[in-house]
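What follows is each chain in one-letter form.
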Amino acid sequence: MNIVVCVKYVPDAQSDRSFRDSDRTVDRDGVDGLLSELDEYAVEEALKIVEAAGEGEVTVLTVGPEAAANAIKKALQMGADRGVHVEDEAIHGSDAAATSLVLAEAVRKATGGTPELVMTGMSSTDGVMGVVPAMLAERLGLPQVTYASELTVGEGTVTIRRDGDTASETIEASLPALVSVTDQINEPRYPSFKGIMAAKKKPVEQWGLADLGIDTSQVGLDAAWTSVVSVTKRPPRAQGQIVADEGDGGSRLAEFLAGQKFI
Amino acid sequence: MEGMSDPLDLLDLDSLLTDDEKAIRAAARQVCADAVDPYVMQWYEQGDLPAARELAREFGKVGLLGMHLEGYGCAGLGSVDYGLACLELEASDSGIRSLVSVQGSLAMFAIWRFGSEDHKQEWLPRMAAGEAIGCFGLTEPDHGSDPASMRARARRDGEDWVINGSKTWITNGSIADVAVVWANAGEEHGGIRGFVVPTRTRGFTAHKIHHKMSLRASVTSELTFEDLRLPADAVLPDVRGLKGPLACLSEARYGIVWGSLGAARSSLDAARRYSKERVQFDRPIGGFQLTQAKLAAMATELQLGQLLALHLGRRKDTVGLRPEQVSVGKYNNVTKALEICRTARTILGANGVSGEWPVMRHANNLESVLTYEGTVEMHTLVIGQALTGESAFR
Ligand SMILES: Cc1cc2nc3c(=O)[nH]c(=O)nc-3n(C[C@H](O)[C@H](O)[C@H](O)COP(=O)(O)OP(=O)(O)OC[C@H]3O[C@@H](n4cnc5c(N)ncnc54)[C@H](O)[C@@H]3O)c2cc1C
């Protein structure tokens, strides 16, 4: 089975993140980036499927600036076979709809038009919208099975378990399909030293919008359906509330917890 | 240069590393952060390493074991890669780095360099994967710095070898599947010879050494050989005399040149953070000149040590190292690392003696590191000999 995993390069959540004053997009200068942690689960799951099948290839696809090559590199170090990096000045500021358009065309081109399985994380760790998988499935005309915490590939089908608040659903879809996975599905592997050395020899294709037949007017800040009007830094955390026990400490604690809907 | 400097890399020494080296380092750090850091204090307090086998397998998966050796399932990386990994391991704990050093640089290296093809095929792939653990027996109860005078004897009995004697302070001794044991076989058989001993062999016993106040998250043992009978092919065929074990020690010492700086970096990091948060006399203690003088000295020594380690690493991969060069590295870096950890201890005040912080654990660990793989005194004398042509050993 050949699998395309869509991954995103995101600013490290450990570092100080901010927005650019000029266009209120995420400021990537001086901030370390990395492969979105939630996408590591998708890469791991894809590797496991191909390893179990004993055949097939895992392609990692990213849309992002030059540094996003690092996200591909990490996935190749984990064991993916090849990478596709779509990079184009015009993509800067694209919203989820435009991102899914670029991804869809890149998936088509990477698979000769017929993907077998497309996988994604459940959302990015920076935007955290989680809508791209659904949009991408729609654009590719694939059944979408999202938030998989367990995945089995059968004869022409893929079956997932999706854990909800009140019930766990088992959902089956016909292949080809798009699956997004949660952080419960597996334990992503570390890149091994051998993987790190092998990754250097793996092919990475570089495509621009022209290669995908996408007009620059369809993407970027100007084409976005929504725009960020203003950004305000979250105020510093206020000091917590101190309950002095004057005999009624217990009930006041309970009141507080109930007030915050913790109990 | 623009931007803020990294407090742990004021000189931007990272710029001297390749992207691959940084990736290797990151992978080593990640496995330590996940498999070691959350548990190591508990192991240290217990004075044991109950997870040694799981750890070995985790390290094997990443490729840490025998990582600088070629073939037989080893990663075949360079000396700087190996050094960077040692540094990350020791930033977690010297005991954990010792597990890896003894496995890769002593036991595996001895087999890889001096063993028969059968030895290599039998042991190296399993050891690289962490499925088999090795130890290295040189030191004896009465013979430490002067191993040439060792008492362990190997005599021939027909085709077989029969070993009698004992070894002590042997890292991994009671958890090992295979021991590389050095014994005197007599002049007619080449003097000191190395033997590959499966630890299940009758006549081999290992007892754990208790009450260590240092390197507690590491298993150290006493080995006894009582009429330990081995087949003819158990001997390492390709080396005779003390230069065998010394070649292995040189490999491991090189790793320590880097490793010790890991303990130092971790301690400096803890002290620096603490100094910014701890307020006395209405200001962070990091604002006092005495504290800054300590931090400045620690950071400077750390970076000088890193430059030294990197220089030795690059030479090792290109032209090779002379023994006194490794001695300069171990002598300087372990001494300075120990000083850094002790100074960090003072910055943390009472918290410095607590196991909640890593600094006292690191400082205590480095007491062992200062002594094993050639005591700091012996390395001083090696350097002295190189300078004067006079041996002051005996
Ligand atoms: C935790 C730990 C793990 C170890 N793991 C291993 C292992 O896996 N395998 C192994 O074989 N060994 C191991 N060792 C042993 C270690 O290598 C020895 O302790 C070391 O070589 C010193 O020997 P010694 O302790 O007998 O000290 P000694 O040689 O008795 O030295 C005592 C003191 O005298 C000094 N001294 C000795 N000779 C001279 C001289 N000529 N001039 C000046 N000063 C001198 C020494 O420097 C030292 O200060 C380990 C030790 C420790 C603590």
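The structure under discussion appears in the preceding block.
Read on for an overview of the structure. (Residues numbered from 1 in each chain as written. Chains lettered and ligands numbered in written order. Predicted model: local features only at pLDDT ≥ 70, side-chain atom pairs only at ≥ 80, totals over all residues.)

The sharpest bend along helix H5 (residues 94-114) of chain B measures roughly 40 degrees and falls at Met108(B). Counting buried positions along H5(B) gives 20 out of 21 residues, so the element sits mostly inside the fold. (Bend = angle between axes of the 7 residues up to and from the residue. Helix = DSSP H or I, 4+ residues; strand = E, 2+ residues; numbered from the N terminus. Buried ≥ 20, exposed ≤ 12 C-beta atoms within 10 Å, placed from the backbone.)

Now for the sheet that holds strand E10 (residues 168-174) of chain A. Residue and element names in this part refer to chain A. The sheet built from 3 strands is open, its strands ordered E8-E9-E10 with antiparallel pairing. In this open sheet, the two edge strands, each paired with only one partner strand, are strand E8 (150-153) and E10. Averaged over neighbouring strand pairs, the angle between their axes works out to 15 degrees when direction is ignored. Direction of pairing for strand E9 (residues 157-163) relative to E10: antiparallel, over a ladder of 7 bridges. Paired with Arg162 across the bridge in E10 is Glu169. (Pairing = 2+ DSSP bridges. Axes fitted to C-alpha atoms, helices over the stretch in contact; angles between N-to-C directions.)

Let us look at the nonpolar core. Soluble, globular proteins show a tendency: their nonpolar side chains are buried together. Counting residues in hydrophobic clusters, the biggest one holds 188 residues, and the most contacted among them are Val5(A), Ala75(A), Val179(A), Ala107(B) and Phe195(B). The greatest single-element share of this core, amounting to 14 residues, is contributed by helix H7 (residues 243-277) of chain B. Once residues within four sequence positions are removed from consideration, Val179(A) is found in contact with Leu117(A), Met119(A), Val145(A), Ala148(A), Leu151(A), Val158(A) and Ile160(A). (Core = buried A, V, L, I, M, F, W, Y, C linked by C-beta atoms within 7 Å. Contact = placed C-beta atoms within 7 Å.)

A few words on the packing of helix H8 (residues 289-318) of chain B against helix H9 (residues 323-347) of chain B. Residue and element names in this part refer to chain B. Running from N to C, H8 and H9 cross one another at 155 degrees; their axes reach a closest spacing of 10 Å. Put simply, H8 runs roughly antiparallel to H9. In this structure, the crossing between H8 and H9 has a hand that is left-handed. For the pair H8 and H9, the contacting residues are Thr291, Lys294, Met298, Glu301, Leu302, Gly305, Leu308, Ala309 and Leu312 in the first and Gln325, Gly329, Asn332, Asn333, Lys336, Ala337, Ile340, Thr343, Ala344 and Ile347 in the second. For the contact of H8 with H9, a count of residues per class yields 9 nonpolar, 7 polar and 3 charged. (Parallel < 35°, antiparallel > 145°, perpendicular 65-115°, else oblique. Left-handed = near helix turned anticlockwise from the far one by under 90°. Nonpolar A, V, L, I, M, F, W, Y, C, P; charged D, E, K, R; others polar.)

Between chain B and chain A, the contact holds 13 residues from the first and 8 residues from the second. Going through the elements one at a time, helix H1 (19-35) and helix H3 (52-62) of chain B are the ones with two or more residues in the side of chain B that touches chain A. Tallying contributions element by element places H1(B) first for the side of chain B that touches chain A, with 6 residues. Counted by class, the side of chain B that touches chain A contains 8 nonpolar, 3 polar and 2 charged residues.

Okay, unusual backbone geometry next. Put simply, Leu175(A) and Pro176(A) share a cis peptide bond, and its omega is 0 degrees. Here Pro176(A) shows up in the loop between E10 and strand E11 (177-181). In the Ramachandran plot, Leu215(B) falls in the positive-phi region, its phi being about 50 degrees despite a non-glycine side chain. Examined against the element boundaries, Leu215(B) turns out to sit in the loop between strand E6 (204-208) and strand E7 (220-230).

Turning to the pairing of E10(A), a few remarks are in order. When you tally the buried positions in E10(A), you get 0 out of 7 residues, a small fraction of the element. Here E9(A) folds back onto E10(A) in antiparallel fashion, the turn holding 4 residues.

All names here are of chain B. Helix H4 (residues 79-92) packs onto H1 with a crossing angle of 25 degrees between their chain directions and a minimal axis gap of 9 Å. Here H1 is positioned roughly parallel relative to H4, judged by the angle of their axes. Crossing angle aside, the handedness with which H1 passes H4 is right-handed. Of H4, the residues touching H1 (which contributes Glu21, Ile24, Arg25, Ala28, Arg29 and Cys32) are Val80, Asp81, Leu84, Ala85, Glu88, Leu89 and Ser92. Of the residues belonging to the contact of H1 with H4, the class tally is 7 nonpolar, 1 polar and 5 charged.

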